[in-house]
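Each chain, letter by letter, is given below.
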Amino acid sequence: KSLVRMKQEFTRIAVKVGSNVLTRRDGTLDVTRMSALVDQIAELHKSGVEIILISSGAVASGRSEVHPQKKLDSVDQRQLFSAVGQVLTTKESFGTRRHYLNQKNCMTVMLENNVIPIVNENDTISVSELMFTDNDELSGLIASMMDTQALIILSNIDGIYNGSPSDPNSSVIRKIGHGKDLSNYIQTTKSSFGRGGMLTKTNIARKVADEGITVIIANGKRDNILVDLLQHPEETLCTRF
Ligand code: GLU
């Protein structure tokens, strides 16, 4: 593959990969998909794009590996399953200016040294009201903290549909402008292996887009989606805010 720095729309992006992208239908980790995403991130990084990866799937991956003997409550489950490892943060770390700046500095130094930060919530110590709503919220905070030009949210759906995604008559809305009412379109069903859903994605997308950051919702299960989004933006199916 060529390592030429091609002209790209974005030079610093945040990419959020949802639990349902990283798992197979039976809940086990989809290492093939993970490896394909890693290849794309590496390719974009080599072409000169700075990338921050917000990765879910800590809980989902633990769940398919660990099978507790006795029934655990939801907090115990999350703590047990997630205790596998990443650059971990908590909602409180965004609440105090010192921690906020420390995190920002850490990731800035990482980027300067060509390291791709992989961020997730520290599910081992974040409990109840002190949690992020989900990693969509976390990815929005990271995108604005790190002043990225784009936030790409990879889900297991092509974007926001103008009807039910299972209805053949509905199609993906390609662009959503400031203030457009979406209340008729958004499905309130939740993600099967993560905490989020389309409703929080849309709310986060709006907020982040209002700060001047392009937000893209696309299907992380499609081959080469990340590279296509950056290198062939016009032809690639997604919703842009
Ligand atoms: N932090 C959770 C995990 O890694 C995911 C949260 C979410 O579903 O947004 O499993």
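Owing to the predicted nature of the structure, the values given are computational and were not obtained by experimental measurement. (Residues numbered from 1 in each chain as written. Predicted model: local features only at pLDDT ≥ 70, side-chain atom pairs only at ≥ 80, totals over all residues. Heavy atoms only, no water.)

It is not clear to me how the site of the ligand should be interpreted in this structure. Could you clarify?
Taken together, S56, G57, A58, V59, N120, D123, D134, N135, G194 and R195 make up all the residues around the ligand. A58 is positioned such that a nitrogen or oxygen atom in its backbone is 2.9 Å from an oxygen atom of the ligand. V59 places a polar main-chain atom, nitrogen or oxygen, 2.8 Å from an oxygen atom of the ligand. Taking 300 Å² as the accessible area of the ligand by itself, protein coverage stands at 96%. Comparing atom positions with the cavity grids shows the ligand to sit within the largest pocket. Split into classes, the residues belonging to the shell around the ligand amount to 2 nonpolar, 5 polar and 3 charged. (Near = heavy atom within 4 Å. Polar contact = N/O pair within 3.5 Å; in protein donor to acceptor, adjacent residues only side chain to side chain. Areas by Shrake-Rupley, 256 points an atom, 1.4 Å probe, with all protein chains shown as cover. 1 Å grid on protein atoms, 1.4 Å probe; cavity = no way out; pocket = protein on both sides within 12 Å on 5 of 7 lines; lining within 4 Å. Sits in = over half its atoms within 2 Å of the grid points. Nonpolar A, V, L, I, M, F, W, Y, C, P; charged D, E, K, R; others polar.)

So what exactly am I meant to see when it comes to the sheet that holds strand β4 (residues 118–121) here?
To summarise the sheet geometry, strands pair through backbone hydrogen bonds and adopt either a parallel or an antiparallel arrangement. As summarised here, the arrangement of the 7 strands in space is β3-β4-β2-β1-β5-β6-β7, forming an open sheet in which the pairing is mixed. Taken across any chain shown, the strands that pair with only one partner, and hence form the sheet edges, are β3 (87–89) and β7 (239–240). Taken together, the 3 bridges between β3 and β4 define a ladder with parallel strand orientation. In the strand pairing of β4, L88 is matched with N120. (Pairing = 2+ DSSP bridges. Helix = DSSP H or I, 4+ residues; strand = E, 2+ residues; numbered from the N terminus.)

How should I be thinking about the layout of surface pockets in this particular structure?
It is a probe the size of a water molecule, rolled over the atoms, that shows where empty space is left. By volume, the largest pocket is sized at about 760 Å³. Surrounding the largest pocket, 44 residues form its lining, S191, G194, R195, G196 and G197 being those nearest its centre. Elements supplying a minimum of two residues to the lining of the largest pocket: α1 (19–22), α3 (58–65), α4 (74–82), β4, α6 (135–145), β5 (150–155) and α7 (198–210). Top contributing element to the lining of the largest pocket by residue count: α4, with 4 residues. Along the lines of polarity and charge, the residues of the lining of the largest pocket split into 13 nonpolar, 21 polar and 10 charged. By volume, the second largest pocket amounts to about 420 Å³. Considering the residues around the second largest pocket, the lining is formed by 22 residues, among which M34, L53, S55, Q86 and I118 are closest to the centre. Those elements that place two or more of their residues in the lining of the second largest pocket are α2 (31–46), β2 (50–55) and α3. For the lining of the second largest pocket, the element with the highest residue contribution is α2, accounting for 7 residues. (Points joined across faces, edges and corners; volume = space filled by probe spheres on them.)

Explanation requested: α6 in the structure shown.
An α-helical turn contains 3.6 residues, so any two residues separated by three or four positions project in the same direction. Judged by how many residues are buried, α6 sits mostly within the fold: 9 of 11 residues are covered. For α6, the N-terminal cap is D134; the gap from its side-chain oxygen to the backbone nitrogen of D136 is 2.9 Å. Positive phi shows up at D147, right after α6, with a value of about 55 degrees. (Buried < 20%, exposed > 50% of the residue type's maximum accessible area, 1.4 Å probe, protein only.)

What am I meant to see in the side chain of S55 here?
Structurally, S55 is set in strand β2. Using a relative accessible area of 10% as the deciding quantity, one classes S55 as buried. In this view, S55 contacts V17, L22, Q86, I118, V119, N120 and N135; residues no more than four positions away in its chain are not counted. (Contact = heavy atoms within 4.5 Å.)

What should I look at first to understand the environment of N219 in this one?
As for its placement among the helices and strands, N219 is situated in strand β6 (residues 214–219). C-alpha of N219 to C-alpha of H178: the two residues are 41 residues apart in sequence and 23 Å apart in space. Ignoring anything within four residues of it in the chain, the contact list for N219 reads L154, S155, N156, I157, D158 and I225. Side chain to side chain, N219 and D158 meet in a polar contact 3.2 Å long. Looking at N219, its side chain comes within polar contact range of the main-chain nitrogen of K221, at 2.8 Å.

Help me understand the nonpolar core in this model?
Soluble globular proteins tend to pack their nonpolar side chains together in the buried interior. Membership of the largest hydrophobic core comes to 32 residues, with the highest contact counts inside it found for I52, M107, I142, L151, I160 and F241. Contributing elements (two or more residues each) for this core: β2, α5 (97–112), α6, β5, α7 and β6. Setting aside its immediate chain neighbours within four residues, I142 contacts I52, I54, F94, M107 and V119. By size, the runner-up hydrophobic cluster in this structure holds 23 residues, among which are I51, A218, L230 and C238. (Core = buried A, V, L, I, M, F, W, Y, C linked by side-chain atoms within 4.5 Å.)

Any chance you could explain the side chain of D123 here in plain terms?
Along the chain, D123 turns up in the loop between β4 and α6. By relative accessible area, which is 6% here, D123 ends up buried. Among the polar contacts listed, one links the side chain of D123 to the side chain of R78, at a separation of 2.9 Å.

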